[in-house]
Amino acid sequence: MEHYFTNNENLKSEIRYIDYEYENFHFKFLSDLGVFSKNKIDYGSKLLVETYLKNNSESKKILDVGCGYGFIGIVLSKVTDSVVTMIDVNKRALHLTDRNISENKVNAHTYLSDAYESIKEKYDVIITNPPIRAGKDKVLEILMGSVNYLTDDGELWYVIRKDQGAKSIEKVLNKELKVDNIEKSKGFYIFRAKKY
Ligand SMILES: C[S@@+](CC[C@H](N)C(=O)[O-])C[C@H]1O[C@@H](n2cnc3c(N)ncnc32)[C@H](O)[C@@H]1O
């Protein structure tokens, strides 16, 4: 079965545009076949971004893991004037993110990276709507692995659905990081995790 994160060079292209507004900021995202939530901004990603922004307005050094066409990192970069690194395994998603970075005029750049394999630096914030379909081991690799790429007072922010194991993942992650549930809506949970 084809997943949205597999690289299929033969997949046809049907570019579409998605608008998003946050306060006085207007965003336009190009999307395409073969990427996550191709027709509309995912509810969980939107809740993650809006919950993060309720709690943070300062400029930070941010890493968006599994960036898709770039929604999370691009909005945070624009609204908080932050420098954002955006990574994914899906080449088409990264190409769209590059175009969306230019379209929305933000200070961000992309890398092809399986979890943190291309990452050498540390970040104030790591944010992710993790790839549940890649399996629980990959999700835990991304969430647990954040501890090695966060500054000492850095924060991991993530969204996960209740029926996708939010509680069991929180329990495992709590061994590495102090995890708090910041928001809940329509079965989506937003978590913030910090180093002990
Ligand atoms: C749930 S989607 C979120 C996409 C985007 N952040 C959004 O909010 O629309 C998860 C993303 O993780 C990517 N992904 C899958 N496996 C990955 C891996 N091993 N390393 C990095 N990213 C991965 C997928 O290609 C997909 O774009």
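Residues numbered from 1 in each chain as written. Predicted model: local features only at pLDDT ≥ 70, side-chain atom pairs only at ≥ 80, totals over all residues.

I keep staring at the pairing of strand 8 (residues 177–185) and nothing clicks. Help me out?
Note on strand geometry: in a regular strand, side chains alternate between the two faces of the sheet. Of the strand pairs in this sheet, strand 8 and strand 9 (residues 188–195) are connected by eight bridges, and their pairing is antiparallel. Within the sheet, the bridge partner assigned to Val-179 lies in strand 9 and is Ala-193. (Pairing = 2+ DSSP bridges. Helix = DSSP H or I, 4+ residues; strand = E, 2+ residues; numbered from the N terminus.)

Help me out: how do you make sense of the confidence of the model for the protein in this one?
With 97% of its residues at a pLDDT of at least 70, the protein reaches an overall mean of 96. Mean pLDDT across the elements of the protein ranges from a minimum in helix 5 (residues 166–173), with 96, to a maximum in strand 3 (residues 61–65), with 99. (pLDDT = per-residue confidence, 0-100.)

Explanation requested: the nonpolar core in the structure shown.
Most often, soluble globular proteins keep nonpolar side chains buried together rather than apart. Membership of the largest hydrophobic core comes to 51 residues, with the highest contact counts inside it found for Leu-48, Ile-72, Ile-126, Ile-127 and Leu-156. Ranked by residues supplied to this core, first place goes to strand 7 (residues 150–161) with six residues. In this structure, Leu-156 is in contact with Ile-126, Leu-143, Ser-146, Leu-150, Leu-177 and Ala-193, ignoring residues within four places of it in sequence. (Core = buried A, V, L, I, M, F, W, Y, C linked by C-beta atoms within 7 Å. Buried ≥ 20, exposed ≤ 12 C-beta atoms within 10 Å, placed from the backbone. Contact = placed C-beta atoms within 7 Å.)

Please clarify how the pairing of strand 9 should be interpreted in this entry.
Burial analysis of strand 9 places six of its eight residues in the buried class, which makes it a mostly covered element. Of the strand pairs in this sheet, strand 7 and strand 9 are connected by seven bridges, and their pairing is antiparallel. By the bridge assignment, Leu-156 is partnered in strand 9 with Ala-193. Hairpin geometry of strand 8 and strand 9 is characterised by an intervening segment of two residues between the two adjacent antiparallel strands and by a positive phi of about 50° at Lys-186.

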